[in-house]
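The chain contents come next:
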Amino acid sequence: MAIFLILSAAVFLLSCMKPRSKVIMAVQLIMMWLLLGWNSGGIDFLGNESIYYVMSGQKKFTGFSSGWFSNMIAYFGHQHDLTFIGYNIVTTFCAMLIIGLILYYESEKPCIVLNLFLIYPFVDSIIQKRFFLGMVFILLGLFLLMKEKRMWFFVCVAIAIGFHFSFYFYIPLFFVTKIKERNFRYYVAAFLIVESFILFSGLNLLEKILDTRKVELYMSVSNFSSWFVSIAFVITTIGYIYIINKICCILEQTKDVIFLKQINIAFAVIIPLLYFDAIFLRFYRVVLILAFIIITNQLKKPLIKRFKLNLSKQNQWFLLLIAYFLVLNILIYSMGEGGASGFLETMLTNQLLS
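Student: Hey, could you run me through the overall build of the protein chain in this one?
Tutor: Within the protein chain one finds 17 helices and two strands. For the protein chain, with 354 residues in total, the buried portion stands at 49%. Considering only intrachain contacts with a sequence separation of at least 6, the fraction spanning at least 24 residues in the protein chain is 75%. Surface summary for the protein chain: the accessible area is close to 18100 Å², and the carbon and sulfur share equals 69%.

Student: Where do I start with the packing of aromatic side chains in this structure?
Tutor: What characterises a pair of aromatic rings is the spacing of the ring centres plus the angle enclosed by the ring planes. Here the structure, examined in full by the defined rule, presents 30 aromatic pairs. A centroid spacing of 5.0 Å and a plane angle of 70 degrees characterise the contact between Tyr52 and Tyr53, whose relative ring orientation is edge-to-face. Accessibility expressed as a relative area gives 1% for Tyr52, which makes it buried. Since its relative accessible area comes to 41%, Tyr53 is described here as partly exposed. With a centroid separation of 6.0 Å and an interplanar angle of 65 degrees, the aromatic rings of Tyr170 and Phe283 are classed as edge-to-face. Taken together, the residues span a long stretch of sequence, with Tyr170 in the loop between helix 9 (150-161) and helix 10 (181-201) and Phe283 in the loop between helix 14 (255-266) and helix 15 (285-298) at a distance of 113 residues. For the pair Tyr170 and Phe283, one class covers both residues: buried. Every member of this aromatic cluster is reached through a ring pair, and the members are Phe131, Phe167, Phe169, Tyr170, Tyr240, Phe267, Phe280, Phe283, Tyr284 and Tyr324.

Student: Please clarify how the environment of Gly77 should be interpreted in this entry.
Tutor: When you line up the elements, Gly77 lands in helix 4 (residues 68-79). Leaving out residues up to four positions away in the same chain, Gly77 has contacts with Tyr52 and Leu82.

Student: Is there a simple way to think about the pattern of salt bridges in this case?
Tutor: Pairing is possible between side chains that carry opposite charge, provided their charged atoms lie close to one another. Evaluated as defined, the whole model comprises four salt bridges. Measuring nitrogen to oxygen at the nearest pair gives 3.8 Å for the salt bridge that ties Glu108 to Arg20. Of this pair, Glu108 sits in the loop between helix 5 (84-106) and helix 6 (110-119) while Arg20 is found in the loop between helix 1 (2-17) and helix 2 (22-37), placing the two residues 88 residues apart along the sequence. On the basis of relative accessibility, which here comes to 35%, the residue Glu108 falls in the partly exposed class. Glu106 is the salt-bridge partner of Lys147, the closest N and O atoms lying 3.1 Å from each other. Pair noted here: Lys147 is in the loop between helix 8 (129-146) and helix 9 and Glu106 is in helix 5, with a separation of 41 residues, a long-range link. The class for Lys147 is partly exposed, based on a relative accessible area of 40%.

Student: Help me understand the side chain of Thr237, please; the structure alone is not making it clear to me.
Tutor: Relative to the assigned elements, Thr237 resides in helix 13 (residues 227-250). Excluding anything up to four places from it in sequence, Thr237 contacts Ile270, Ile271, Leu274 and Leu281.

Conventions we followed
Residues numbered from 1 in each chain as written. Predicted model: local features only at pLDDT ≥ 70, side-chain atom pairs only at ≥ 80, totals over all residues. Heavy atoms only, no water. Helix = DSSP H or I, 4+ residues; strand = E, 2+ residues; numbered from the N terminus. Buried < 20%, exposed > 50% of the residue type's maximum accessible area, 1.4 Å probe, protein only. Contact = heavy atoms within 4.5 Å. Areas by Shrake-Rupley, 256 points an atom, 1.4 Å probe, with all protein chains shown as cover. Phe/Tyr/Trp six-rings, centres within 6.5 Å; stacked < 30°, edge-to-face > 60°. Salt bridge = Lys/Arg side-chain N within 4 Å of Asp/Glu carboxyl O.

Pasting the structure below:
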């Protein structure tokens, strides 16, 4: 394990020095895959393992409902005597391959993007395995939507829903490209007003539309220890949205940047939800990864030149985003039990087949 940690630190430093290297990118992806797939740690491991063996009992295709794709994979895995770790090895390999292809074709500095992904949300991805698999397809779908391949976006969302029901949340993003940029904020503001009214005074309406158990679990009362923690998550998310929007306004207004700007603003809809539970922050993860790819592509001036920081206006805001990103995640993982303990408990294992 010590050798693995030393090698990880060396790769991290090399990737900062050679951010465009496809070879280093491949090494990063492999090392992340080892931690994602070849481990038996994390607070959700036993729960996910139980779900896998229940899904393995499905003997036929049950339709395009929530979890349909993971049910199919689990069934075929069971037919080939794959343990849960074997299932993780196969599925996370495919997921990391998709991430690698996205970075190969879409990112000019893939090593930097992977370093940031390693800080967050990689730790949570180790724990929340089903959400990670679906998130990869949502990221792919957003790039396809950006290229106006709308049907393929829906295919990606359908596959993501096949891993976790919560990916229904991303379907409305289809309409982002249909609304003119100058009117977009007004639509988001109007939605926020209606959403806030329903959440704070009309939850019985949601219980009639959605799964009552889920509404009671996540939104009936705040799941935070105090209102102060609720407000802290709301404010920090507003900070993310504001900084990324500010960077987008400074950058050259390419199609990619405008798309990111609208997607970023659209995710203001999670702000009222964060008052009740931090779990809704996971929907924003895909925006952070998308932002790091698009923003680093647009940063033409190096951050460091002749051993000095190159503090252009673009670089200043990007460094602020990085600092904000680092401080928030250090605080969250140092104070929270889920992410920190889940990561520390993660271990490499050679278990594949029973």
